[in-house]
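# Structural features, examined
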Amino acid sequence: MSTTKLRLGVNIDHVATIRNARGCGYPDPIRAAKLAARAGADGITAHLREDRRHITDEDIRRLGREIDLPLNLEMAATDEMLDIALRHRPHAACIVPEKREERTTEGGLDVIGGFQHLKPFVATLSAAGVRVSLFVEPDPAALDAARALGAPVVELHTGSYCDAVDGDAREREFARIVKAAGHAQVLGLECHAGHGLTYDTVKPVAAIANIRELNIGHFLVGEAIFVGLEDSIREMRRLMDEARGRVGGAE
Ligand code: PXP
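The model shown is predicted, which means the values in this text are computed figures rather than measured ones. (Residues numbered from 1 in each chain as written. Predicted model: local features only at pLDDT ≥ 70, side-chain atom pairs only at ≥ 80, totals over all residues. Heavy atoms only, no water.)

Two side chains with opposite charge may pair up if their charged atoms get near one another. Under the defined criterion, the tally for this structure stands at 21 salt bridges. Between Arg-65 and Glu-58 there is a salt bridge, with its nearest N and O atoms 3.8 Å apart. Linking Glu-230 and Arg-234 is a salt bridge whose minimum nitrogen-to-oxygen distance equals 2.9 Å. Taken together, the positions of Glu-230 and Arg-234, both in helix 11 (residues 229-243) and four residues apart, correspond to about one turn of that helix. (Salt bridge = Lys/Arg side-chain N within 4 Å of Asp/Glu carboxyl O. Helix = DSSP H or I, 4+ residues; strand = E, 2+ residues; numbered from the N terminus.)

All right, on to the pairing of strand 1 (residues 7-11) then. With four of five residues buried, strand 1 lies mostly within the body of the structure. Two strands pair when backbone bridges link them, and strand 1 and strand 8 (residues 211-216) are joined in this way by four bridges, in the parallel orientation. Across the sheet, the residue bridging to Gly-9 is Asn-215, located in strand 8. Summarising the sheet, strand 1 and strand 2 (residues 43-47) pair through three bridges and their orientation is parallel. The residue of strand 2 that forms the bridge with Asn-11 is Thr-45. (Buried < 20%, exposed > 50% of the residue type's maximum accessible area, 1.4 Å probe, protein only. Pairing = 2+ DSSP bridges.)

Our focus in this paragraph is unusual backbone geometry. Most peptide bonds take the trans form, and the phi angle of most residues other than glycine is negative. Looking along the chain, the bond that leaves Tyr-26 and enters Pro-27 is cis, with omega of -5°. The residue Pro-27 is located in the loop between helix 1 (13-22) and helix 2 (29-39) in this model. Its identity is not glycine, yet Arg-89 carries a phi of approximately 45°, on the positive side. Within the fold, Arg-89 resides in the loop between helix 4 (79-88) and strand 4 (92-95).

A word on the packing of aromatic side chains. Under the definition given, this model contains two aromatic pairs. Geometrically, the ring pair formed by Tyr-161 and Phe-174 is tilted, given 5.7 Å between the ring centres and 45° between the ring planes. A residue pair is termed long-range when its members are at least 10 positions apart, and Tyr-161 in helix 7 (residues 159-163) and Phe-174 in helix 8 (residues 167-187) qualify at 13 residues. A residue is classified by how much of its surface remains accessible, and Tyr-161, at 3% relative accessible area, is buried. Ring geometry for Tyr-199 versus Phe-219: centroids 4.7 Å apart, planes at 75°, classification edge-to-face. Placement of Tyr-199 in the loop between strand 7 (190-194) and helix 9 (202-206) and of Phe-219 in helix 10 (residues 218-227) is noted, with a sequence separation of 20 residues between them. Overall, the relative accessible area of 22% leaves Phe-219 in the partly exposed class. A cation over a ring is seen here: Arg-170 above Tyr-161, with NZ or CZ 5.7 Å from the ring centre. (Phe/Tyr/Trp six-rings, centres within 6.5 Å; stacked < 30°, edge-to-face > 60°. Lys NZ or Arg CZ within 6 Å of the ring centre and 35° of its normal.)

Another aspect to go through is the site of the ligand. Taken together, 15 residues lie around the ligand, and Glu-74, Glu-155, Gly-196, Gly-217 and His-218 are the ones closest in. Between the ligand and Asn-11, the relevant distance is 3.3 Å, taken from an oxygen atom to a side-chain nitrogen or oxygen of the residue. Residue His-218 places a main-chain N or O atom 2.8 Å away from an oxygen atom belonging to the ligand. For the ligand, whose accessible area on its own is 400 Å², the fraction buried by protein is 96%. The residue makeup of the shell around the ligand, split by class, is four nonpolar, eight polar and three charged. (Near = heavy atom within 4 Å. Polar contact = N/O pair within 3.5 Å; in protein donor to acceptor, adjacent residues only side chain to side chain. Areas by Shrake-Rupley, 256 points an atom, 1.4 Å probe, with all protein chains shown as cover. Nonpolar A, V, L, I, M, F, W, Y, C, P; charged D, E, K, R; others polar.)

Glancing now at helix 2. When helix 2 is considered as a whole, its buried residues turn out to be Pro-29, Ile-30, Ala-32, Ala-33, Leu-35, Ala-36 and Ala-39. Structurally, helix 2 contributes buried residues whose contacts are with strand 1, helix 1, strand 2, helix 3 (57-66) and helix 11. Between the side-chain oxygen at the start of helix 2 and the backbone nitrogen of Ile-30 there is a gap of 3.0 Å, and the oxygen is on Asp-28. Just past helix 2, the residue Gly-40 takes up positive phi, approximately 110°. (Contact = heavy atoms within 4.5 Å.)

Honestly, that's just the spatial picture; any functional story needs more than this.
Pasting the structure below:
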């Protein structure tokens, strides 16, 4: 049983997806971020994609101005995104792979093949005081490369675990996450996790003691249709705290 605080980063991208479906001004993702703060989020996560399919540049500006919670900017390793990150100086930047044709971030970063490309991004963001995390598959070799790149944080991609349809496959994927989280600890990397997490899949991941943060979005926004965003976030927070063996609150 752990007493370490597990942070919840609420990803507001899909509030913007709904807004952009009509090209109008609502629902407002910044309003969602304010509500997330009241509901127990410890941070706000937003992915500014190259094609701006959900979060826009103006959303990022407003998040910086209007939200007190730390902002975790998800970004591809491109010069355009680096300029934006250096202008806004979010608390954290999570570098993710990005392909135009994908529906969501479908896999972790290729930190081994992309090592030389990623190096100046990690260095420049870190020098600007932005805490860099690398979104990787739960694979020890990827964590070794992340460590060698000098990133202080890794975020483990939980998509394969969440998408696994039968119990055996899910257990295998979960074992990979446990092993990777342990390896991150040995390497001195702060370990986060996210992608595809739901009420059904969150608890085992939340119970891994050295995972410090979960970033969750799509399920929370979907569930909000039925119960409201504040309640969907509160329930996720409750499940995380329960898995962690905490009643919530203090570190
Ligand atoms: N973490 C990262 C790095 C992501 O790219 C995403 C999806 O944008 C998430 C977490 C959240 O995933 P989901 O929206 O499936 O909860």
